[in-house]
Structure formats: C-alpha cells, structure tokens
Amino acid sequence: MLFHVHMDVAIPHDLAPDRRAALVAEEKARALELQRSGVWPHLWRIVGEYANISVFDVDSGDDLHALLSSLPLFPYMKIKVTPLAIHPSDLKAQS
Ligand SMILES: O=C(O)C[C@H]1C=CC(=O)O1
C-alpha cells in the first residue's frame, strides 16, 4: 500500500549542535536503511524548504505510523500523510 508523505522538519534552534548533528546522522542512516529495504521508494527534497516529499510502501496505516514515529527526527517533524490508490486512467492500470 502506497502513502504520499510530506514531512516538514523544524529542529529547535536551541538544540545543542552536537545533538542536532547526531540526530540528523541517525535520521540519514535510518532513511538509507529503509530505502534499501524497499519501504521508502521515493525521497525528494522540496526546493527551498527543510522538508521532503516521500512515498512509502507498507502494509497498513498502522505500519506507516510505527515507522514514521520511529524516525529520529519524528519529534521535530510535522507530517501529512495521503493514502494512494490506483488511478483508473494510469497507463499502468490499462489492460
Ligand atoms: O531531511 C529531511 O527531509 C528529514 C529526514 C528525511 C530523510 C532524512 O534523512 O531526514
């Protein structure tokens, strides 16, 4: 099941720089791991924003929530999730 996910990141300015760097490094490692496993097939930076548009491929909304809430930067993100379905005019849906 595919989900479109918009993540806005807002790390507090008063967070210690070493803590910030550690969190960002942990987030990157986790993002790479999830991309390699196939559950995070798209990750795009939104131009000019500390934000991304992602597509996740997971079994359920519950699974996606567990995954998103396990991200190291989760406490500092605003997340909007849109579940996706096959569009009947999608070329890939034609037979
Ligand atoms: O930078 C971001 O958009 C937030 C988050 C998503 C992947 C990652 O490495 O960090």
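Just so you know, these numbers come straight off a predicted model, no measurement behind them. (Residues numbered from 1 in each chain as written. Predicted model: local features only at pLDDT ≥ 70, side-chain atom pairs only at ≥ 80, totals over all residues. Heavy atoms only, no water.)

S.K.: Quick question: what am I supposed to make of the overall build of the protein chain here?
M.R.: The helix and strand inventory of the protein chain stands at 2 helices and 4 strands. Secondary structure elements of the protein chain occur, N-terminal to C-terminal, as β-α-β-β-α-β. When the backbone C-alpha atoms are referred to their principal axes, the protein chain occupies close to 55 × 25 × 20 Å. Buried positions account for 25% of the 95 residues belonging to the protein chain. Of the contacts made within the protein chain by residues no fewer than 6 positions apart, 66% connect residues no fewer than 24 positions apart. With an accessible surface of roughly 6,500 Å², the protein chain has 60% of that area assigned to carbon and sulfur atoms. Side chains of the protein chain carry 9 positive and 12 negative charges; the gap between the two charge centres is 5 Å. (Helix = DSSP H or I, 4+ residues; strand = E, 2+ residues; numbered from the N terminus. Buried < 20%, exposed > 50% of the residue type's maximum accessible area, 1.4 Å probe, protein only. Contact = heavy atoms within 4.5 Å. Areas by Shrake-Rupley, 256 points an atom, 1.4 Å probe, with all protein chains shown as cover. Lys, Arg positive; Asp, Glu negative; His and termini not counted. Charge placed at Lys NZ, Arg CZ, Asp CG, Glu CD.)

S.K.: Sorry if this is basic, but what is going on with the UniProt feature "domain: Muconolactone isomerase" (unreviewed entry) in the protein chain here?
M.R.: Following the UniProt record, one finds the feature "domain: Muconolactone isomerase" (unreviewed entry) at residues 1–90. Annotated as residues 1–90, this span is 33% helix and 29% strand, and its ends, taken at the C-alpha atoms, are 16 Å apart. (UniProt positions renumbered as here; feature names shortened; annotations may be inferred.)

S.K.: Please explain the pairing of strand β1 (residues 2–9) as it appears in this structure.
M.R.: Remark: a regular strand shows side chains that alternate across the two faces of the sheet. Burial of the side chains of β1 is restricted to one face: F3, V5, M7 and V9 are buried, whereas none of L2, H4, H6 and D8 on the reverse face is. Strand direction decides the pairing type here: β1 and strand β3 (residues 51–57), joined by 7 bridges, are antiparallel. Bridge assignment links H4 to a residue of β3, and that residue is V55. One ladder, built from 7 bridges, connects β1 with strand β4 (residues 77–83); its direction is antiparallel. Looking at β4, one finds that H6 is bridged to K80. (Pairing = 2+ DSSP bridges.)

S.K.: Sorry, what's going on with the nonpolar core here?
M.R.: Generally speaking, nonpolar side chains in soluble globular proteins are found buried as a group. If you look at the biggest cluster of nonpolar residues, it comprises 17 residues, and the most contacted ones within it are V5, M7, W40, F56, L64, L68 and L71. It is β1 that contributes the most residues to this core, 4 residues altogether. Among all residues touching L68, those that are not within four sequence positions of it are V5, M7, F56, F74, I79 and V81. (Core = buried A, V, L, I, M, F, W, Y, C linked by side-chain atoms within 4.5 Å.)

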